[in-house]
Amino acid sequence: MTAAPPVTGARHVGEALDRVDGLAKVTGSAMYAYDHGPADLLHAVPVEAAIARGEVVQVDVDSMLKRPGVVAAIWHGNAPRLATSDEELAVLQSRRVSYRGQYIAVVVAETLEDAREAARTLHVQYAPEEHDVGLRADHPKMYRPDAVNAGHPTDTEQGDPDAALASAPVVVDEVYSTPAEHNNPMEPHATVAEWHGDGLTVHEPSQNVTGLRATLASLFGMPPAHVHVVSPYVGGGFGSKAKVHPHVILAALTAKQVGRPVKMALTRRQMFAATAYRTPTIQRMRLGAEPDGRLVALTHDVFEQSSALAEFAEQAAVPSRTMYAAPHRRTTHRLVRLDVPTPSWMRAPGECPGMFALESAMDELAIACGVDPIDLRVRNEPAADPHSGLPFSSRNLVGCLREGARRFGWAGRDPRPGMRRRGRLLVGTGVAAATFPALRAPSSASARAEPDGRYTVRIAAADIGTGARTVLTQIAADALGSTPGLVTVELGDSALPRAAVAGGSMGTASWGTAVVRACEALRERLSAVGGAVPAGGLEATADTTQEVRGRQRYARHAFGAQFAEVTVDADTGETRVPRLLGVFAVGRILNPKTARSQLIGGMTMGLSMALLEESIMDREFGDYLNRDLAQYHIAANADVRDVQAFWLEEDDPHLNPMGSKGIGEIGIVGTAAAIANAVHHATGVRIRDLPIRLDKLVR
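Residues numbered from 1 in each chain as written. Predicted model: local features only at pLDDT ≥ 70, side-chain atom pairs only at ≥ 80, totals over all residues. Heavy atoms only, no water.

Caption draft 1: Expanded view of the overall build of the protein. Looking only at helices and strands, the protein has 16 helices and 32 strands in total. Relative to the globule expectation of 27 Å for 699 residues, the C-alpha radius of gyration of the protein, 26 Å, shows essentially globular dimensions. When each of the 699 residues of the protein is scored for burial, the buried share is 61%. Taking all contacts inside the protein whose residues are at least 6 apart in sequence as the whole, residues at least 24 apart take part in 81%. The averaged location of the 79 negative side-chain charges in the protein is 2 Å from the averaged location of its 72 positive side-chain charges. (Helix = DSSP H or I, 4+ residues; strand = E, 2+ residues; numbered from the N terminus. Rg over C-alpha atoms; globule rule 2.2 N^0.38 Å. Buried < 20%, exposed > 50% of the residue type's maximum accessible area, 1.4 Å probe, protein only. Contact = heavy atoms within 4.5 Å. Lys, Arg positive; Asp, Glu negative; His and termini not counted. Charge placed at Lys NZ, Arg CZ, Asp CG, Glu CD.)

Caption draft 2: Geometry of the sheet that holds strand 25 (residues 487-490). Within the open sheet, the four strands sit side by side as 25-24-23-27. Their pairing is mixed. The open sheet has two edge strands with one neighbour each: strand 25 and strand 27 (538-543). Neighbour to neighbour, the strand axes of the sheet diverge by 15 degrees on average, direction disregarded. Pairing geometry for strand 24 (residues 455-458) and strand 25, over four bridges, is parallel. Within the sheet, the bridge partner assigned to Tyr455 lies in strand 25 and is Val487. On top of the sheet, helix 11 (residues 468-480) reaches strand 24 and strand 25; it is set at about 130 degrees to strand 25, its chief contact. (Pairing = 2+ DSSP bridges. Axes fitted to C-alpha atoms, helices over the stretch in contact; angles between N-to-C directions.)

Caption draft 3: Seen up close, the sheet that holds strand 11 (residues 170-178). What the five strands build is an open sheet, ordered 10-20-19-18-11; its pairing is mixed. Every interior strand has two partners, whereas the edge strands, strand 10 (156-158) and strand 11, have only one. Pairs of neighbouring strands in the sheet enclose a mean axial angle of 10 degrees, with direction left out of account. Examined bridge by bridge, strand 11 and strand 18 (residues 281-289) share nine bridges and lie antiparallel to one another. Across the sheet, the residue bridging to Val170 is Ala289, located in strand 18. Together, strand 11, strand 18 and strand 19 (295-307) form the strand contacts of helix 8 (residues 351-369), whose direction differs from that of strand 11 by roughly 150 degrees.

Caption draft 4: Geometry of the pattern of salt bridges. For the structure on display, the rule yields 52 salt bridges. For the salt bridge of Arg284 with Asp173, the shortest nitrogen-to-oxygen distance reads 2.7 Å. Residue Arg284 is located in strand 18, and its partner Asp173 is located in strand 11; the two are separated by 111 residues in the primary sequence. For Asp173, a relative accessible area of 34% puts it in the partly exposed group. Among the salt bridges present, the one from Arg517 reaches Glu547, with a minimum N-O distance of 2.8 Å. Of the two residues, Arg517 sits in helix 12 (residues 507-528) while Glu547 sits in helix 13 (residues 545-549), which places them 30 residues apart along the sequence. Of the residues examined, Arg517 reaches a relative accessible area of 27% and is grouped as partly exposed. Through salt bridges with shared partners, one network takes in Arg53, Glu55, Arg96, Glu129 and Asp339. (Salt bridge = Lys/Arg side-chain N within 4 Å of Asp/Glu carboxyl O.)

Caption draft 5: Broad picture of the environment of Arg11. Structurally, Arg11 can be placed in the loop between strand 1 (2-3) and helix 1 (22-27). Assessed through its relative accessible area of 52%, Arg11 is described here as exposed. Taking C-alpha positions, Arg11 is 54 Å from Glu110, a pair spaced 99 residues apart along the chain.

Caption draft 6: Region of interest: the pairing of strand 22 (residues 425-437). A large share of strand 22 lies buried, amounting to 12 of its 13 residues. Here strand 21 (residues 420-422) pairs with strand 22 via three bridges, running antiparallel. Within strand 22, the residue paired with Arg420 across the bridge is Val427. Between strand 21 and the antiparallel strand that follows it, strand 22, lie two residues; Gly423 among them carries a positive phi value of about 65 degrees.

Caption draft 7: Fine view of the pairing of strand 14 (residues 199-203). Counting buried positions over the five residues of strand 14 gives five, a clear majority of the element. Of the two faces of strand 14, both are covered, the one formed by Gly199, Thr201 and His203 as well as the one formed by Leu200 and Val202. For strand 13 (residues 190-196) and strand 14, the ladder comprises five bridges, and the chain directions are antiparallel. Counterpart to His196 in the pairing with strand 14 is Gly199. What sits between strand 13 and strand 14 in their antiparallel hairpin is a turn of two residues, with Gly197 showing a positive phi close to 65 degrees. By the bridge criterion, four bridges tie strand 14 to strand 15 (residues 227-230) in an arrangement that is parallel. Paired with Val202 across the bridge in strand 15 is Val229. Running through helix 5 (residues 209-219), the crossover from strand 14 to the neighbouring parallel element strand 15 is right-handed. (Right-handed = clockwise from strand over helix to strand, strands pointing away.)

Caption draft 8: Fine view of the packing of aromatic side chains. Applying the stated criterion across every chain, the model contains eight aromatic pairs. On the basis of an interplanar angle of 70 degrees and a centroid distance of 5.5 Å, the ring pair of Phe272 and Tyr632 is categorised as edge-to-face. You can see Phe272 sitting in helix 7 (residues 271-274) and its partner Tyr632 sitting in the loop between strand 31 (623-624) and strand 32 (642-647), a full 360 residues away along the chain. Both residues of the pair, Phe272 and Tyr632, belong to the buried class. With a centroid separation of 5.7 Å and an interplanar angle of 65 degrees, the aromatic rings of Tyr277 and Tyr624 are classed as edge-to-face. (Phe/Tyr/Trp six-rings, centres within 6.5 Å; stacked < 30°, edge-to-face > 60°.)

Caption draft 9: Representation of unusual backbone geometry in the model. Going from Leu690 to Pro691, the amide bond is cis rather than trans, its omega being -5 degrees. Phi angles above zero are rare outside glycine, and Ala150 is one such case at about 70 degrees. Considering the arrangement of structural elements, one finds Ala150 in the loop between strand 8 (147-148) and strand 9 (152-153). The backbone of Asn184 shows a phi angle near 50 degrees, a positive value even though the residue is not glycine. With respect to the secondary-structure elements, Asn184 resides in the loop between strand 12 (181-182) and strand 13. On the basis of relative accessibility, which here comes to 13%, the residue Asn184 falls in the buried class.

Caption draft 10: Fine view of the environment of Trp195. With respect to the helices and strands, the residue Trp195 is situated in strand 13. When sequence neighbours within four positions are dropped, the list of residues in contact with Trp195 reads Leu200, Phe220, Met222, Ala252, Ala255 and Lys256. Of the polar contacts made by the side chain of Trp195, one reaches the backbone oxygen of Ala252; its length is 3.0 Å. (Polar contact = N/O pair within 3.5 Å; in protein donor to acceptor, adjacent residues only side chain to side chain.)

Caption draft 11: Up close: the packing of helix 5 against helix 6 (residues 246-258). Put simply, helix 5 and helix 6 touch, their axes get as near as 11 Å, and they point 50 degrees apart. Judged on the interaxial angle alone, helix 6 and helix 5 are oblique. Judged by the sense of rotation from one axis to the other, the crossing of helix 5 with helix 6 is right-handed. Between helix 5 and helix 6, the contacting residues are Leu212, Leu216 and Leu219 on the first element and Val248, Ile249 and Ala252 on the second. In the contact of helix 5 with helix 6, the residues fall into six nonpolar, no polar and no charged. (Parallel < 35°, antiparallel > 145°, perpendicular 65-115°, else oblique. Left-handed = near helix turned anticlockwise from the far one by under 90°. Nonpolar A, V, L, I, M, F, W, Y, C, P; charged D, E, K, R; others polar.)

Caption draft 12: Expanded view of helix 8. With 19 residues, helix 8 ought to run about 27 Å at 1.5 Å a step, and its terminal C-alpha atoms sit 26 Å apart, in line with that. With respect to burial, helix 8 is a largely interior element, 17 of its 19 residues being buried. In the segment just after helix 8, Gly370 is the residue with positive phi, at about 70 degrees. (Expected span 1.5 Å × (residues − 1).)

Below is the structure:
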């Protein structure tokens, strides 16, 4: 028996603790999925469909097997069967081709070079059919889905918005659009799959190892305990690694077929087909207001796409249900199934594209009413959630707007467009609001007191570069009355206690609650034995299902205000963003260093969305043209001049034991609208379809 370390009483949550895994990452000792190379490893390269719709008639497997180094070539004709009705994950289970780039075969070889060359030269015979890849609001196959992402109702209506709009003194009625965008995390997707008898081990960069294990077990008809998903380090995801994608299934299927471990590493180009993207949207916003800018009606109608294989409906109109008071309101979502890959989650799904439309329309309304854009938002501040009628657990949007205005130097801004110049540069400023729900999901965790005086906390969470491992260490240290140096947090492994997905900005809130409860339970056990730790250690576990389900009903949201200064070259239309400033109300900040990194990262991604990002569909061939980072442009260092993030001190007792709200996504919300509003202020040209390219500005 040894005595547990004394309780310190010091508080470490709120400190700018350096990343506990920083040394491992910068020295290369952190093992990512691709780094694993079990003995007798083979390399697998998927073969992508060269048509957008039709059938695979035949694959020349026999000639491929005669090539040096090639071990197997697998397609629908010789693939093992999977137990699934999920067409998205039913890899090689059908001859049908539903989009260009869909996996229709896989080649396995002793070396990566042999596998790539074999996949490139594999002869495939197709029966092509006419395809349809064009999103438009009047598409004859538009329909109303039963629900939209996250289980939100498809449509909502209060009052009589049509009548209110018809009689409103001031009306804004405009259409806004956002293009398809691809997640493009720094680490490409890669899977190492190995079977051990009736068990499967998968190394995969995943935002949800618990969910991935369950999916693999179901597909291959085995108990979840026989599947082991390992993902301690993830090099970014932005949502693309939260759901299970076909390449994971293909790697596991291939390894099972050949009887040896298989590594499948997708190239950047391959990631543009089957690892998710943000759906393009067409959004009609109608705002009706009194002359002073007070809203009397708001409607938000969204049109978007999904694939022929699976339905994914992004909830782009949902933020309009919460942001502003208006007695008459309606939101709708309509979807068309096209011959395209299935869209999915990308940072702030719903809020990111939806708030571009809403906040652009609010800027247009401010101009129409002759009201300052900040004052307009303050005048339309609701007393309770306009959609549910629930009280807000906390809502400090007005505080964010006012503090941001003070820091940014908004006072005295001339609202007239095109009035400020620096040489040949037109200068403008813009503002937009931001919001994101403060969510929490059930999770489990264990906390263990070790005989050497240290503690080990285990949870199947994911650190995708956000600093989750560091923040959970701080949370555990405080809950144990210890110090971060004595706490080790293990995560990213499906053998650990189950955890919620790293998505929806709910990771820290969900996992942190479980960690706190497990540590509290351990302290109780230690107290019961007089603080003595037995030779085998002492452990306690916690499950938060009942706590999360039984919480009081509040509307829980984070809020923020985004401010942008832009310059536009009067001759060329080149647009730059010298300044971005955001102020956020996101509960208690658990680590200011990692928090600022997340907020600034989101704002930078919003700048990229505003000016650069656009996946361009070739309608003739049914494929995205710019399938690499040379052509799909994202913000680089030269594009990001001065980005600052601040936050308000916010005490919200209705959230979780830490008092925190998610911060991973709110930084991107509203940024594009603030920049577009600033571009209008600089030039007088209103850009309603992103990105803001120079050809849209030069007339």
